[in-house]
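# Observations on the model geometry
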Amino acid sequence: MDATTSGTPSVQYHNIPEQQIPTSPGPSFNRQTRHCFGDATPGEFPLSANPSIVLHVLTGCNLDPQDLAKLEATCSFFRQPAHFAPDHQLCLTELAALDMCQNRAIFKPMTSEKREELKLRCGGTWKLVLRFLLAGETCSRREKSQAIAGPGHSIAVTSKGSVYTFGSNSSGQLGHGTTEEESKPRIIRSLAGVRIIQAAAGAGRTMLISDAGQVYAFGKDSFGEAEYGVQGSKQISTPQLVESLKDIFVVQAAIGNFFTAVLSREGRVYTFSWGNETKLGHQTEPTDLEPHPLLGPLENIPVVQIAAGYCYLLALACEPSGMSVYSVGCGLGGKLGHGTKNDEKQPRLIEQFQTLNLQPMVVAAGAWHAAVVGRDGRVCTWGWGRYGCLGHGNEDCDSVPKVVESLSNVKAVHVATGDYTTFVVSNDGDVYSFGCGESSSLGHNTAEVDAQGNRHANILSPKIVTSLKAINERVVQISLTNSIYWNAHTFALTEAGKLYAFGAGDKGQLGVDLVATQTERPTPERVELDLS
């Protein structure tokens, strides 16, 4: 079929002989000769002489590091050196990865020296740096809004970096310059002009992290004190810069029992005030405010997320071979995931994920149990299974990660853990919860009762939270209280930036009105606050 019969206009090509053009005053131009196979090497890909087109395709199609690696392995022309800035020695896939790194908010302000340092730390290639940055955004939502259900008080961070707090304020942990309880979200006005991207809450204390990597802390002055410990008599009721962290660009903080940990932009973990048991491999005092680098295997492996539980810490690491999880601290209940209940003084790799062929992407540390979401959407839990918080249909302990089989038809993207409670968010926005049903923090209909007439029944296997499904909003994040000393409450954050609360609200931590003598909210209620 020719072009005419197919309905497409035919195009005729003519050989036009070159004609002599009369010379005239004006600028002269050098005519460039183009060859289909390059000027020097037979078989050279024609675009290698002008690789900007290929670079545009690579950087404009949202390719991930694995895609770039596959392209480089299968297409020989990608290994040709690029002939333009910024680095003449980079192949096109490396240049594409670097270009995509430069679009990340955390990477932009880094100096050339810091970038090269991060590159070496990640394994020597920009593709691995890109994977490190993207993994951090996936698990920590560093460039989006955030809600934190702390012990008795709550924090909400908008996408523009404003911070609202509400709930218990006995130690000034709301940051408003007072110790008065707040039942409605109230903006921290002293932070005007500062863009906050991350928050962490502990009993009586709060930490906020700005987009410039600075850390603000308020509430109880001791980083490491127990929930009701005697340390930290001084109270700080407005956000104060943590001077000891001024030389560290921090991107995340995690407050556990008796300790606090922070994560640097380069993937290094620092801890405060573990106490004198040297569980993290170094000796500190309970009121020690100086950060100590986490010793052991993670000294030279970049970490993308940290999670703190009761006397233990989990670290999601980005290694050249893939993502992995390390644990350190108290092993009671098997929550370190190594098949024993022994303590670990230095970070130790949880090897079970290799056996399960699972690439961890999100990690959560509850008080006594932990959970991970894999790249393929599988969910693993381990630790003390009391009240069914592991989701395996029983209350047994599991000292190594075990796949939650009842979620086999669900592709999970997010997991949150508390004191014997677990929430899982699927890629379509459905939410599942299981574990301890006290304080209505699981979000299930409390009209249902168990055989003993208990209105706060425990859930031993994952159950969809129908009350959240009924709001017709896509849920992207769950946060719940992770403390053994406080009744739990839960936040559900939607894709549109709407916040819903349920569970215990006796201190105003839900941010919604409770009627008469009501102390908890059994079903989700919208908090009048737009986080988008």
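Scoring rules and cut-offs
Residues numbered from 1 in each chain as written. Predicted model: local features only at pLDDT ≥ 70, side-chain atom pairs only at ≥ 80, totals over all residues. Heavy atoms only, no water. pLDDT = per-residue confidence, 0-100. Contact = heavy atoms within 4.5 Å. Phe/Tyr/Trp six-rings, centres within 6.5 Å; stacked < 30°, edge-to-face > 60°. Helix = DSSP H or I, 4+ residues; strand = E, 2+ residues; numbered from the N terminus. Buried < 20%, exposed > 50% of the residue type's maximum accessible area, 1.4 Å probe, protein only. Lys NZ or Arg CZ within 6 Å of the ring centre and 35° of its normal. Expected span 1.5 Å × (residues − 1). Axes fitted to C-alpha atoms, helices over the stretch in contact; angles between N-to-C directions. Parallel < 35°, antiparallel > 145°, perpendicular 65-115°, else oblique. Left-handed = near helix turned anticlockwise from the far one by under 90°. Nonpolar A, V, L, I, M, F, W, Y, C, P; charged D, E, K, R; others polar.

- The name given to the chain in an unreviewed UniProt entry is Regulator of chromosome condensation 1/beta-lactamase-inhibitor protein II, and the organism recorded there is Artemisia annua.

## With respect to the confidence of the model for the chain
- Of the residues in the chain, 75% have a pLDDT of 70 or more, and the chain-wide mean is 83.
- Below a pLDDT of 50 lies the segment residues 31-50, which in the model reaches 12 contacts outside its immediate sequence neighbourhood of four places, other chains included.
- Counted against residues more than four places away or in other chains, residues 224-232, with its pLDDT under 50, gives 26 contacts.

## Focus on the packing of aromatic side chains
- Enumeration over the complete set of coordinates arrives at eight aromatic pairs.
- With centroids separated by 6.0 Å and ring planes inclined at 90 degrees, the aromatic side chains of F107 and W126 adopt a geometry described as edge-to-face. In this pair, F107 is assigned in the loop between α3 (92-101) and α4 (112-122) and W126 in helix α5 (residues 126-140), connecting sequence segments 19 residues apart.
- What makes W126 buried here is its relative accessible area of 4%.
- Note on W384 and Y420: the rings are 5.9 Å apart at their centroids and 85 degrees apart in plane angle, and the pair reads as edge-to-face. Here Y420 lies in the loop between β21 (412-417) and β22 (421-426) and W384 lies in the loop between β19 (379-383) and β20 (398-403), a separation of 36 residues in the sequence.
- Take Y420: its relative accessible area is 7%, and that puts it in the buried class.
- Above the plane of the ring of F249 lies R265, whose end atom (NZ or CZ) is 4.0 Å from the centre.

## A closer look at α5
- In this model, α5 (15 residues) spans 21 Å end to end at C-alpha, consistent with the 21 Å of a helix rising 1.5 Å per residue.
- Where burial is concerned, most of α5 is hidden: 13 out of the 15 residues are buried.
- Backbone geometry just downstream of α5 places R141 in the positive-phi region, at approximately 50 degrees.

## Section: the packing of α3 against α5
- Contact geometry of α3 with α5 gives a least axis separation of 8 Å together with a crossing angle of 30 degrees. As far as their axial angle goes, α5 and α3 are roughly parallel. Where α3 crosses over α5, the handedness of that crossing is left-handed. Packed against α3, whose contacting residues are T93, E94, A97, L98, M100 and C101, the element α5 presents W126, K127, V129, L130 and L133 at the interface.
- Within the contact of α3 with α5, the residues separate by chemical class into eight nonpolar, one polar and two charged.

## Quick look at the side chain of T421
- Checked against the element boundaries, T421 lands in strand β22.
- Taking the relative accessible area as the measure of exposure, T421 reaches 3% and is therefore buried.

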